[in-house]
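Read off the chains here:
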Amino acid sequence: KQWYQRRVRGSSQVKIVDVTCGPGHGISVGSLGKYENEEPVTGLIVKRCKLSGTDNGVRIKTWPGMYATSVASMYFDDITMDNVSNPIIIDQMYCPHYHCNLKTQSNVKLSKIAFKNIRGTSFTPKAIQLICSKRFPCEEVDLADINLQYIGKAPGPATAECINVKPKMKGKIIPSGC
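An account of the accompanying structure is given in this report.

Here is what the cut-offs are and how they apply
- Residues numbered from 1 in each chain as written.
- Predicted model: local features only at pLDDT ≥ 70, side-chain atom pairs only at ≥ 80, totals over all residues.
- Heavy atoms only, no water.
- Helix = DSSP H or I, 4+ residues; strand = E, 2+ residues; numbered from the N terminus.
- Rg over C-alpha atoms; globule rule 2.2 N^0.38 Å.
- Buried < 20%, exposed > 50% of the residue type's maximum accessible area, 1.4 Å probe, protein only.
- Contact = heavy atoms within 4.5 Å.
- Areas by Shrake-Rupley, 256 points an atom, 1.4 Å probe, with all protein chains shown as cover.
- Salt bridge = Lys/Arg side-chain N within 4 Å of Asp/Glu carboxyl O.
- Phe/Tyr/Trp six-rings, centres within 6.5 Å; stacked < 30°, edge-to-face > 60°.
- Pairing = 2+ DSSP bridges.
- Axes fitted to C-alpha atoms, helices over the stretch in contact; angles between N-to-C directions.

## Section: the overall build of the protein
Looking only at helices and strands, the protein features 1 helix and 12 strands. Reading the protein from its N end, one meets helices and strands in the order α-β-β-β-β-β-β-β-β-β-β-β-β. Taking 16 Å as the expected radius of gyration for a compact globule of 178 residues, we find that the protein reaches 15 Å, a close match to that expectation. Across its three principal axes, the protein shows a C-alpha extent of roughly 40 × 35 × 30 Å. In the protein, which comprises 178 residues, the share counted as buried stands at 43%. Of the contacts made within the protein by residues no fewer than 6 positions apart, 89% connect residues no fewer than 24 positions apart. Carbon and sulfur atoms form 50% of the exposed surface of the protein, whose accessible area is close to 9300 Å².

## Remarks on the pattern of salt bridges
For the structure on display, the rule yields 4 salt bridges. Between R48 and D18 there is a salt bridge whose closest N-O contact spans 2.9 Å. Remark: D18 occurs in the loop between β1 (11-17) and β2 (20-21) and R48 occurs in strand β4 (residues 41-52); sequence separation between them is 30 residues. A salt bridge links E161 to K126, with the nearest nitrogen and oxygen atoms 2.8 Å apart. A residue pair is termed long-range when its members are at least 10 positions apart, and E161 in strand β11 (residues 159-163) and K126 in strand β9 (residues 126-131) qualify at 35 residues. On the accessibility criterion, E161 (23% relative accessible area) is partly exposed.

## Quick word on the packing of aromatic side chains
Counted under the stated rule, the structure contains 2 aromatic pairs. When the ring of F76 is compared with that of F115, the centres are 5.1 Å apart and the planes differ by 10°; the resulting orientation is stacked. With F76 in strand β6 (residues 69-84) and F115 in strand β8 (residues 108-122), this pair connects stretches of sequence that are 39 residues apart. A relative accessible area of 0% places F76 in the buried class.

## Section: the pairing of strand β10 (residues 139-150)
Inspection of the sheet shows β8 paired to β10 by 10 bridges, in the parallel sense. Looking at β10, one finds that T121 is bridged to Q149.

## Digging into unusual backbone geometry
Negative phi is the rule for most residues except glycine; trans is the rule for most peptide bonds. For the peptide bond that leads from G22 to P23, omega is -10°, which places it in the cis range. Residue I174 is joined to P175 through a cis peptide bond whose omega torsion reads 5°. One non-glycine residue, D18, lies in the positive phi region at around 55°. One non-glycine residue, D78, adopts positive backbone phi at about 60°. Mapped onto the elements of the fold, D78 is located in strand β6. We classify D78 as partly exposed; its relative accessible area is 25%.

## Here we look at the environment of P137
Summarising the element assignment, P137 is placed in the loop between β9 and β10. P137 sits 99 residues away from E38 along the chain, and the two C-alpha atoms are 19 Å apart.

## Structural notes on the sheet that holds strand β5 (residues 58-62)
Taken together, 5 strands build an open sheet; the order of strands is β3-β5-β7-β9-β11 and the sheet is parallel. Looking at the sheet topology across the chains shown, the edges are occupied by β3 (27-32) and β11. Sheet twist, expressed as the mean angle between neighbouring strand axes with direction ignored, is 10°. Note that β5 and strand β7 (residues 88-91) share 4 bridges and pair parallel. Of the residues in β7, the one forming a bridge with V58 is I88.

Next comes the structure, spelled out in structure tokens:
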């Protein structure tokens, strides 16, 4: 654990292609903003992947009220979800075990993020969650050709939630609501 806490995190130009995941946590960027002097994360491409039975699908997570950094040019394309909880998620209020101040906003700036051609089934009603910082609202977020069907136990269809973001929509978006 010591190497993790001392390193300055940051990545650029990372490609994840033709990967199958599950069970597990899914494909996550972060958590970011917990440590001082974290380097930006830029240029991630996740393409032609399948997630099955994962806790999350494709996710970006940042800590509230901590240190500043940035995330830019993230591209998630041609992803199949099979019984996945939280298929599409941006969580700028990430706070595992409540070890942070949820009354503060994330200092991580997110921009140029695209979710395209994502289809399949969600185990949770909220299939799309884009929860961005009030201090730094997410910019240039695109949703295109999304089709996620809810198959969990509670009645009702899949839903979407968007806070402090105005995603640009293209094609058919299921669930709608942002």
